[in-house]
Amino acid sequence: MKLQSIEPPFGKNQSLHKSPKIVLLVIFTIVFLTVIPCYPLLKYPLYLVNNYSEPSSFYDSNDELISVQSINEKCDLFSGEWIPNPDAPYYTNTTCWAIHEHQNCMKYGRPDSEFMKWRWKPHECNLPIFNPAQFLEVVRGKSLAFVGDSVGRNQMQSLICLLSRVEYPIDVSYTPDESFKRWRYMSYNFTLATFWTPHLVKGKEADNNGPTHTGLFNLYLDEFDEEWTTQVEEFDYLILSAGHWFFRPMVYYENHQIVGCHYCLLDNVTDLTMYHGYRKAFRTAFKAINSLKNYKGITFLRTFAPSHFENGLWNQGGNCVRTKPFRSNEMKLEDQNLELYMAQVEEFRKAEKEGKKKGLRYRLLDTTQAMLLRPDGHPSRYGHWPHENVTLYNDCVHWCLPGPIDTWSDFLLEMLKREGVRSHQEKLQYLSDRKLQAR
């Protein structure tokens, strides 16, 4: 995606005195820009789009805010390669307090640092590096909630660290429970929140040991998890995600009856596999969102981020010790990763279609392919000191900070910059459909 500037209303070789029409055109342009200072579709101030002055030398001068004309809607942001980025990282574990201890890889002795020095390059365009000041202007006066498990929390902490170059938020949580946090950026009246819901639906631990010694959970696949569904109606953006908890043993309930399970090893209970529960959980979560009476926000599905255990399962000595990304032709989405990805995307498309009837907007934050190629970005054993007397498995699920997960904010900001035009088009389509239905 090439950077372009908006051309002036007259050519370089033309003189104002040669045509009174040009004089009138210039006068009209000045009046227009004075009376209407914002581009009508994007609803972002023009100075943000064209004349942004970056506050930090961290930024690449080629990554300034793109002009209206340069937005390439047809470019698939999520199909590409990882390329070297010697300017990264854009924060460190010593400059950001938001990093969870178990993802603080450099603190706990990770010996290599090259895993931090890559950026995602879509095949057909460029993806600008995240610009924190720009992001905060785009979300000024708005609110964003992460709904999901600890990888969603990992994403939120990455975003806080990236934004820390401009401002740190203050804690405005309603509860001391760390699973439900709220942060506010006072200068921008922007609120971030996280809602812990590892299965997205109502659930409880039935046996803290279970068949694999990792717990056995009862999931009520047709019941909303009201811990989050009653709290998100006010938010402008939701980022929904889930995945790795579905690998654990579960008993599935529907209509208050056991309908099956995943590796529960209970007598007379059919094993329906984890894919059954995963699909039904997303279906119920999306149904909850579409049923909210006053919700007018945009729902993002952040797709499944594969783990990278090698030489064993996560609880059987598996580890992730690679130090550089795969190329796209070296790894493909298959087996469990493909099944999970397809299940959630198919439910997303159904929910998107249903939501459109109410004027709701759904967006696919499709991180799966990019993260499939990053076996080097996990904490592995570098989430605690070697001498600590703790029972922790090698972590090939979460992501080091700084690290590849920071690219999710690159994706998110680019999607938000495109949002004005797309939302405007969808609103017109929605109004048109309503008129046809009223006839």
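Everything below is about the structure printed above this text.
K.L.:
Provide a residue-level description of the nonpolar core, including the pertinent values.
P.N.:
Counting 50 residues, the largest nonpolar core has Phe 135, Phe 190, Leu 192 and Phe 411 as its most contacted members. Ignoring any residue separated from it by four or fewer positions in sequence, one finds Phe 135 in contact with Phe 130, Leu 159, Leu 163, Phe 190, Leu 412, Leu 413 and Leu 416.

K.L.:
Could you give an account of the sheet that holds strand S3 (residues 143–148), naming the residues involved and the relevant values?
P.N.:
In sheet architecture, strand pairing relies on hydrogen bonds along the backbone and comes in two forms, parallel and antiparallel. One open sheet accounts for seven strands, arranged S4-S5-S6-S3-S9-S12-S13; its pairing is mixed. Because the sheet does not close on itself, it has two edges, and the strands there are strand S4 (170–171) and strand S13 (361–365). On top of the sheet, helix H6 (residues 273–291) reaches strand S9 (237–240), strand S12 (298–302) and S13; it is set at about 170° to S9, its chief contact.

K.L.:
Just give me the short version of the sheet that holds strand S10 (residues 250–254), but keep the residues and values in it.
P.N.:
Read from one edge of the open sheet, four strands run S7-S8-S10-S11, paired in mixed fashion. The outermost strands of the open sheet, each flanked by one partner alone, are strand S7 (201–207) and strand S11 (257–262). Strand-to-strand twist of the sheet, defined as the mean angle between neighbouring strand axes without regard to direction, takes the value 25°. Sheet topology note: the strand S8 (residues 216–224)/S10 ladder contains four bridges and is parallel. Bridging from a neighbouring strand, Asn 218 pairs with Val 251 of S10. Strand contacts of H6: S7, S8, S10 and S11, with the helix running at about 40° to S8, the strand carrying the most contacts.

K.L.:
How would you explain empty space enclosed by the protein if you had to name every residue and give the values?
P.N.:
Throughout the structure, instances matching the rule amount to four cavities of 30 Å³ or more. By volume, the largest cavity is sized at about 180 Å³. In this structure, the largest cavity is lined by 20 residues; those nearest its centre are Ala 88, Tyr 90, Trp 118, Gly 403 and Asp 406. Only strand S2 (118–122) and helix H9 (407–438) provide two or more residues apiece to the lining of the largest cavity. Classifying every residue of the lining of the largest cavity gives 13 nonpolar, three polar and four charged.

K.L.:
If you had to explain unusual backbone geometry to someone new, which residues and values would you point to?
P.N.:
Omega for the peptide link from Ala 88 to Pro 89 comes to 0°, which places this bond in the cis form. One can find Pro 89 in the loop between strand S1 (80–84) and S2. With a phi angle near 75°, Thr 273 is a residue other than glycine that sits in the positive phi range. Within the element layout of this structure, Thr 273 appears in helix H6. Despite not being glycine, Asp 335 shows a phi value in the positive range, around 55°. Mapped onto the secondary structure, Asp 335 falls in helix H7 (residues 335–356).

The rules behind the values
Residues numbered from 1 in each chain as written. Predicted model: local features only at pLDDT ≥ 70, side-chain atom pairs only at ≥ 80, totals over all residues. Heavy atoms only, no water. Core = buried A, V, L, I, M, F, W, Y, C linked by side-chain atoms within 4.5 Å. Buried < 20%, exposed > 50% of the residue type's maximum accessible area, 1.4 Å probe, protein only. Contact = heavy atoms within 4.5 Å. Pairing = 2+ DSSP bridges. Helix = DSSP H or I, 4+ residues; strand = E, 2+ residues; numbered from the N terminus. Axes fitted to C-alpha atoms, helices over the stretch in contact; angles between N-to-C directions. 1 Å grid on protein atoms, 1.4 Å probe; cavity = no way out; pocket = protein on both sides within 12 Å on 5 of 7 lines; lining within 4 Å. Points joined across faces, edges and corners; volume = space filled by probe spheres on them. Nonpolar A, V, L, I, M, F, W, Y, C, P; charged D, E, K, R; others polar.

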